[in-house]
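A closer look at the structure
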10 protein chains.
Amino acid sequence: MLFHARMRVHLPHDLDQDAADRLKEQERQRAQELQRDGRWRHLWRVAGEYANISVFDVDSPDELHRLISQLPLFPYMDVEVTPLARHPSAISDDAVSDEPGS
Amino acid sequence: MLFHARMRVHLPHDLDQDAADRLKEQERQRAQELQRDGRWRHLWRVAGEYANISVFDVDSPDELHRLISQLPLFPYMDVEVTPLARHPSAISDDAVSDEPGS
Amino acid sequence: MLFHARMRVHLPHDLDQDAADRLKEQERQRAQELQRDGRWRHLWRVAGEYANISVFDVDSPDELHRLISQLPLFPYMDVEVTPLARHPSAISDDAVSDEPGS
Amino acid sequence: MLFHARMRVHLPHDLDQDAADRLKEQERQRAQELQRDGRWRHLWRVAGEYANISVFDVDSPDELHRLISQLPLFPYMDVEVTPLARHPSAISDDAVSDEPGS
Amino acid sequence: MLFHARMRVHLPHDLDQDAADRLKEQERQRAQELQRDGRWRHLWRVAGEYANISVFDVDSPDELHRLISQLPLFPYMDVEVTPLARHPSAISDDAVSDEPGS
Amino acid sequence: MLFHARMRVHLPHDLDQDAADRLKEQERQRAQELQRDGRWRHLWRVAGEYANISVFDVDSPDELHRLISQLPLFPYMDVEVTPLARHPSAISDDAVSDEPGS
Amino acid sequence: MLFHARMRVHLPHDLDQDAADRLKEQERQRAQELQRDGRWRHLWRVAGEYANISVFDVDSPDELHRLISQLPLFPYMDVEVTPLARHPSAISDDAVSDEPGS
Amino acid sequence: MLFHARMRVHLPHDLDQDAADRLKEQERQRAQELQRDGRWRHLWRVAGEYANISVFDVDSPDELHRLISQLPLFPYMDVEVTPLARHPSAISDDAVSDEPGS
Amino acid sequence: MLFHARMRVHLPHDLDQDAADRLKEQERQRAQELQRDGRWRHLWRVAGEYANISVFDVDSPDELHRLISQLPLFPYMDVEVTPLARHPSAISDDAVSDEPGS
Amino acid sequence: MLFHARMRVHLPHDLDQDAADRLKEQERQRAQELQRDGRWRHLWRVAGEYANISVFDVDSPDELHRLISQLPLFPYMDVEVTPLARHPSAISDDAVSDEPGS
């Protein structure tokens with residue numbers, strides 16, 4: 001099932017630059033891993049902000065929380081989650097989880 | 001290019017039922033037409049609300065405005081648009097418009 | 001899985017009294033039906049407001065949307081949905097759906 | 001009587017990791033203690049956020065304040081309390097405090 | 001126990017003047033009745049607005065909801081309720097309900 | 001005349017514990033002094049928050065500002081003031097300042 | 001004493017034009033009367049809105065409420081009141097009400 | 001001098017279609033007149049909304065108010081005005097009103 | 001021309017006390033200077049807050065920005081500016097700048 | 001195509017003064033560079049705030065994000081972007097990008 005998330009990152013100004021770079025690199029790796037296994041279905045940058053809009057395809061809110069709360073940048077994020085349903089006028093199965101494992 | 005839109009519909013309570021049904025049917029047809037030609041790329045229902053979250057793939061803000069403002073339910077909608085950019089950690093070309101016809 | 005919903009009802013002032021009474025009675029019957037089959041797990045009145053706080057136990061956001069959008073008072077409601085996950089400090093299986101039929 | 005609370009935790013970024021871990025462990029123990037004695041009736045995680053939604057069953061707002069304000073993480077929480085009443089369409093005594101000790 | 005309420009009245013502009021006057025007179029009578037029996041402990045006008053700030057002394061959120069939702073002007077009110085506890089620096093028993101008649 | 005105030009305290013996380021305790025004790029003494037001389041007429045704790053709701057009985061906004069801005073915790077408070085008038089349905093002289101000294 | 005008020009007028013779209021004109025003329029006369037007797041000390045238009053920012057010089061919040069709530073356009077106004085005190089850096093007695101007639 | 005304005009139009013749903021068309025045509029003519037004489041310097045559509053973002057070049061807030069409040073659609077607009085100053089990093093005289101005709 | 005400003009000061013908790021006192025004294029001197037030359041026409045304290053409401057009489061938004069942004073406490077202020085126009089019901093020339101030097 | 005951006009700068013109070021000056025000088029240089037090549041089409045100061053309102057002329061949301069996110073002060077900015085379309089009543093090609101390179 002699909003969940004929409006808007007994530008805004010606020011890195012503290014006094015965070016060590018190396019630590020910040022490490023966090024961002026870990027975040028990037030984790031994000032790509034979750035995209036490859038199909039659970040982070042869409043990942044867009046909000047133009048002009050340090051923020052993203054994402055769609056996750058998971059089995060439950062529990063799995064969603066596990067994925068998001070284990071992201072390396074989670075302690076610095078404001079996250080707002082919206083559950084998505086199939087739209088009656090949608091022509092594709094975009095809101096349906098039919099990949100193996102989801 | 002991609003634009004994210006959240007659209008909330010408020011039908012007036014005293015709208016004639018037939019008129020409302022006609023509007024909704026016209027909206028459905030137009031939404032499917034725009035999905036088929038690739039410009040209304042994603043269309044999800046916000047669970048529990050008379051609202052949708054959409055992603056449009058258009059050539060410009062002008063084209064986006066034309067599409068949205070000509071929707072049959074537009075006079076009854078609150079719309080909030082967010083321009084999307086490619087995310088540096090995205091693994092697909094999800095944010096790129098390279099399909100024929102878009 | 002569990003979804004939290006806050007629902008605020010705004011009946012139009014010029015709604016016919018009989019129609020309003022019929023809607024409320026239908027809403028009551030539907031709410032009790034959904035409670036009995038285990039999908040409307042909790043239903044509380046917000047003290048001092050024409051509003052409720054509810055917890056639904058459904059199989060998906062799709063099912064949640066179907067339940068809420070078919071409520072007789074849905075056209076007059078503002079609804080805000082929050083997906084719930086199991087809390088690591090919870091001692092019961094309160095957030096788990098294991099009753100028959102849910 | 002029942003009170004609904006939404007609690008959002010903001011740990012300061014420069015909090016010592018050991019101190020944070022100790023606080024969280026103390027919070028977990030206190031939360032479970034209060035669940036076992038029936039006063040913290042429901043405890044859910046808000047999916048995707050460091051936040052919970054809870055329902056407390058206490059004798060008064062005074063008792064509620066004592067419970068919440070003595071939580072180890074209270075200094076780092078934003079809390080919003082909503083008093084709950086029995087809903088006229090509720091079929092269970094969910095909003096009634098009939099366990100011993102509450 | 002004490003509950004703080006802020007109530008804002010919005011009379012519809014097309015409400016019949018006589019009906020409005022009757023509602024206000026009924027509201028006045030009910031408010032005075034509840035003040036005399038000690039349950040509507042404080043009633044102040046917010047200067048410059050058609051709104052009041054009140055403190056109720058009731059046995060439960062259920063009783064509070066019954067009192068407020070049966071006010072003649074309730075269908076036209078936005079109400080926000082805040083539960084009150086005894087303040088540790090308070091010198092009187094202002095937050096305690098043990099006076100005769102309350 | 002009466003003024004309603006909602007005061008929310010945010011102590012900085014890195015404030016020295018002794019300094020914080022001293023401030024709170026000074027605040028308590030000052031609050032009790034002002035209650036005894038009749039100017040801090042009501043003082044309630046907002047259940048679940050480090051906040052209070054108060055009613056002051058003073059001669060002018062100037063006096064109100066002097067009282068509030070000299071509170072030991074003032075630098076850490078967000079304060080919102082609402083002037084109160086006598087409500088036409090009030091049965092007591094609750095909104096009238098007739099005690100000596102006010 | 002001085003009170004700052006921001007008043008936004010929302011005339012209903014279906015109000016009879018003559019009635020609207022009469023209300024506005026009555027409002028104008030009353031506003032000028034109150035300016036002449038010194039109680040409506042300042043009256044400015046918010047540029048670009050059907051709104052004003054005003055400063056009243058009255059004896060109490062009771063008098064303020066009486067003045068505002070008896071304005072002909074009061075049923076169509078959203079009003080927000082802020083009590084003003086003398087600023088320690090002010091060089092004039094602008095915040096003091098001791099001029100004859102005010 | 002320059003003022004930025006965001007104007008959102010809400011036409012009432014029961015406005016007669018002919019009346020609406022006449023208003024829009026009058027609005028269009030007035031907007032073009034003001035653009036031609038240099039006082040409505042920029043006029044953009046907010047993509048996806050019945051709203052515009054504008055920059056006016058006028059001699060005073062009085063003139064600004066006169067222009068906006070006399071627009072045919074003004075009774076149906078929410079307007080938010082922001083005064084603009086020259087930016088120290090601006091390379092053009094974009095914020096200066098000294099061109100002939102503006 | 002007149003501009004209304006609401007300024008809220010947030011001094012950082014770890015600001016050196018002497019530095020804070022110096023800033024406040026400089027702010028006081030500058031505020032009085034600007035009042036004496038007629039450009040800071042009104043300066044009121046918001047009762048109960050570390051904030052002021054002011055009216056400036058300047059030649060342009062540029063001059064307004066220069067005055068405000070050079071205030072010693074500017075780096076610690078949230079400022080909200082509203083341009084003022086003459087109100088059609090105003091009886092004085094309060095909104096007109098005709099003093100020498102303004 | 002055009003994008004409107006409102007950017008508010010919050011420099012941390014403990015930022016080294018030299019570092020702050022360097023950042024501002026780099027920001028100024030970059031802003032002028034982008035104005036000269038036609039991509040930062042308008043840059044205005046919001047009067048009374050450390051903020052600007054800008055209009056960018058870029059080829060895509062991707063280019064917009066690149067420009068904004070590489071500004072030296074970006075880590076200290078809150079940015080809100082609004083895509084602009086041509087207004088049907090606009091008389092100039094203000095919303096059209098016809099300079100070489102855009």
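What you see is a predicted model, and the numbers here were worked out from it, not measured in a lab.

**Here we look at the confidence of the model for chain A**
- Counting all residues, the mean pLDDT for chain A is 92, and 90% of those residues have values of 70 or more.
- Counted against residues more than four places away or in other chains, residues 97–102 of chain A, with its pLDDT under 50, gives 10 contacts.

**Structural notes on the sheet that holds strand β4 (residues 77–86) of chain H**
- Taking strand neighbours around the barrel as the criterion, the 8 strands line up as β1(H)-β3(H)-β2(H)-β4(J)-β1(J)-β3(J)-β2(J)-β4(H) in a closed arrangement whose pairing is antiparallel. Within this sheet the neighbouring strands show an average axis-to-axis angle of 35 degrees, counted without direction.
- Examined bridge by bridge, strand β1 (residues 2–9) of chain H and strand β3 (residues 51–57) of chain H share 7 bridges and lie antiparallel to one another. For R6 of chain H, the partnering residue across the bridge sits in β3 of chain H and is I53 of chain H.
- Packed on one face of the sheet, helix α2 (residues 61–69) of chain I meets β1 and β4 of chain H together with β2 (40–46) of chain J and runs near 70 degrees to β4 of chain H.
- Relative to β2 of chain J, helix α1 (residues 17–36) of chain J is tilted by about 135 degrees, and along the sheet it contacts β2 and β4 (77–86) of chain J.

**Some details on the UniProt feature "domain: Muconolactone isomerase" (unreviewed entry) in chain A**
- UniProt records the feature "domain: Muconolactone isomerase" (unreviewed entry) for residues 1–89 of chain A in the present numbering.
- Within residues 1–89 of chain A, the helical portion is 33% and the strand portion 36%, while the C-alpha atoms at the span's ends are 18 Å from each other.

**Regarding the environment of S60 of chain E**
- Mapped onto the secondary structure, S60 of chain E falls in the loop between β3 (51–57) and α2 (61–69).
- Residue S60 of chain E is classed as buried on the basis of its relative accessible area of 16%.
- Residues S60 of chain E and P88 of chain E, 28 residues apart in the sequence, show an inter-C-alpha distance of 22 Å.
- S60 of chain E has contacts with M1 of chain D together with M1 and F3 of chain E, leaving out every residue within four places of it along the chain.
- A polar side-chain atom of S60 of chain E sits 3.0 Å from the main-chain amide nitrogen of E63 of chain E.

**Describing the interface of chain C and chain B**
- Listed as interface residues are 12 residues of chain C and, on the opposing side, 8 residues of chain B.
- Carbon and sulfur atoms supply 57% of the area that chain C and chain B bury against each other, a total of about 710 Å² over both sides.
- A per-residue breakdown of the area chain C buries against chain B is headed by H65, F74 and V79 of chain C, which together make up 48% of the total.
- One salt bridge connects D78 of chain C with R8 of chain B, and the closest N-O pair in it is separated by 3.3 Å.
- Between the two partners, chain C and chain B, sit 3 residue pairs in polar contact (both at pLDDT 80 or more).
- Class assignment of the residues belonging to the side of chain C that touches chain B gives a composition of 10 nonpolar, 1 polar and 1 charged.

**Describing the interface of chain B and chain A**
- Residue-level contacts link 28 residues of chain B with 28 residues of chain A.
- Along the contact surface separating chain B from chain A lie 0 salt bridges.
- In this structure, the connection of chain B to chain A is made through 11 residue pairs in polar contact (both at pLDDT 80 or more).
- Across the side of chain B that touches chain A, the residue classes break down as 15 nonpolar, 8 polar and 5 charged.
- When strand β4 (residues 77–86) of chain A meets strand β2 (residues 40–46) of chain B, the two strands line up antiparallel, connected through 3 bridges. Within β2 of chain B, the position partnered with L84 of chain A by the bridge is V46 of chain B.

**Topic: helix α1 (residues 17–36) of chain E**
Residues and elements named next belong to chain E.
- Relative to the 28 Å expected for 20 residues at 1.5 Å per residue, α1 spans 29 Å between its end C-alpha atoms, a close match to the ideal helical length.
- Considered for burial, the residues of α1 that qualify are A20, L23, E27, A31, Q32, L34 and Q35. Summarising the axial view, the buried residues of α1 lie within an arc of 165 degrees, below the 170-degree limit, and thus occupy one face. More than 90 degrees from the buried face of α1, the exposed residues found are D18, R22 and R36.
- At its buried positions, α1 is contacted by β2 (40–46), α2 and β4 (77–86).

**Focus: the arrangement of the chains**
- The closest approach of any C-alpha atom in chain B to one in chain G is 15 Å; the two make no contact.
- Contact between chain E and chain H is absent, and the minimum C-alpha spacing across the pair is 15 Å.

**Details of the relation of the copies chain C and chain B**
- Under the fitted operation, chain C is carried onto chain B by 0.0 Å of movement along the axis and a turn of 72 degrees, and the coordinates agree to an RMSD of 0.0 Å. In short, the pair behaves as if placed about a five-fold rotation axis. For chain C, the residue whose C-alpha comes nearest the rotation axis is D14 of chain C, separated from it by 8.1 Å.

**So, the relation of the copies chain B and chain A**
- Note on the identical chains: chain B maps onto chain A by a rotation of 180 degrees and an axial translation of 0.0 Å, with an RMSD of 0.0 Å. The symmetry that links the two subunits is that of a two-fold axis.
- With an isologous cut-off of 70% or more, the 100% of interface residues of chain B that recur at the interface of chain A puts this contact in the isologous class.

**Observations concerning the environment of A90 of chain C**
- Here A90 of chain C is to be found in the segment after β4 (77–86).
- Apart from the residues lying within four places of it in its own chain, the contact partners of A90 of chain C are Q35 and L43 of chain D.

**Considering the side chain of S54 of chain I**
Residues and elements named next belong to chain I.
- By secondary structure assignment, the location of S54 is in strand β3 (residues 51–57).
- With a relative accessible area of 0%, S54 lands in the buried category.
- Within polar-contact distance, the side chain of S54 engages the side chain of N52 at 2.8 Å.
- Apart from residues lying up to four places away in sequence, S54 is in contact with F3, H4, A5, W40, H42 and L43.

**Things to note about the pattern of salt bridges**
- The full count for this structure, using the stated rule, is 80 salt bridges over all chains.
- Between E49 of chain A and R8 of chain A there is a salt bridge, and its shortest N-O distance comes to 3.9 Å. Of this pair, E49 of chain A sits in the loop between β2 (40–46) and β3 (51–57) while R8 of chain A sits in strand β1 (residues 2–9), placing them 41 residues apart in sequence. The same class applies to E49 of chain A as to R8 of chain A, namely buried.
- A salt bridge links D57 of chain B to R41 of chain B; the shortest N-O distance between them is 2.9 Å. Of this pair, D57 of chain B sits in strand β3 (residues 51–57) while R41 of chain B sits in strand β2, and the two are 16 residues apart along the sequence.
- A residue is classified by how much of its surface remains accessible, and D57 of chain B, at 1% relative accessible area, is buried.

**Things to note about the packing of aromatic side chains**
Residue and element names in this part refer to chain C.
- Per the stated rule, a full pass over the model turns up 15 aromatic pairs over all chains.
- On the basis of an interplanar angle of 40 degrees and a centroid distance of 4.8 Å, the ring pair of W40 and F56 is categorised as tilted. Of the two residues, W40 is situated in strand β2 (residues 40–46) and F56 in strand β3 (residues 51–57); the sequence distance between them amounts to 16 residues. F56 shares its class with W40; the two are buried.

**Regarding the sheet that holds β3 of chain B**
- Reading around the circumference, β1(A)-β3(A)-β2(A)-β4(B)-β1(B)-β3(B)-β2(B)-β4(A) is the order of the 8 strands in this closed barrel, with antiparallel pairing throughout. Direction aside, the axes of adjacent strands within the sheet are offset by 35 degrees on average.
- The strands that helix α1 (residues 17–36) of chain A touches are β2 and β4 of chain A; relative to β2 of chain A, the one it contacts most, it runs at about 135 degrees.
- Against the sheet, helix α2 (residues 61–69) of chain C makes contact with β1 and β4 of chain A together with β2 of chain B, and its axis sits at roughly 70 degrees relative to β4 of chain A, the strand it touches most.

Reading the values: the criteria
- Residues numbered from 1 in each chain as written.
- Chains lettered and ligands numbered in written order.
- Predicted model: local features only at pLDDT ≥ 70, side-chain atom pairs only at ≥ 80, totals over all residues.
- Heavy atoms only, no water.
- pLDDT = per-residue confidence, 0-100.
- Contact = heavy atoms within 4.5 Å.
- Pairing = 2+ DSSP bridges.
- Helix = DSSP H or I, 4+ residues; strand = E, 2+ residues; numbered from the N terminus.
- Axes fitted to C-alpha atoms, helices over the stretch in contact; angles between N-to-C directions.
- UniProt positions renumbered as here; feature names shortened; annotations may be inferred.
- Buried < 20%, exposed > 50% of the residue type's maximum accessible area, 1.4 Å probe, protein only.
- Polar contact = N/O pair within 3.5 Å; in protein donor to acceptor, adjacent residues only side chain to side chain.
- Buried area = accessible area lost by both parts, 1.4 Å probe.
- Salt bridge = Lys/Arg side-chain N within 4 Å of Asp/Glu carboxyl O.
- Nonpolar A, V, L, I, M, F, W, Y, C, P; charged D, E, K, R; others polar.
- Expected span 1.5 Å × (residues − 1).
- Arc of directions from axis to C-beta.
- Least-squares fit on C-alpha atoms with pLDDT ≥ 70 in both.
- Phe/Tyr/Trp six-rings, centres within 6.5 Å; stacked < 30°, edge-to-face > 60°.

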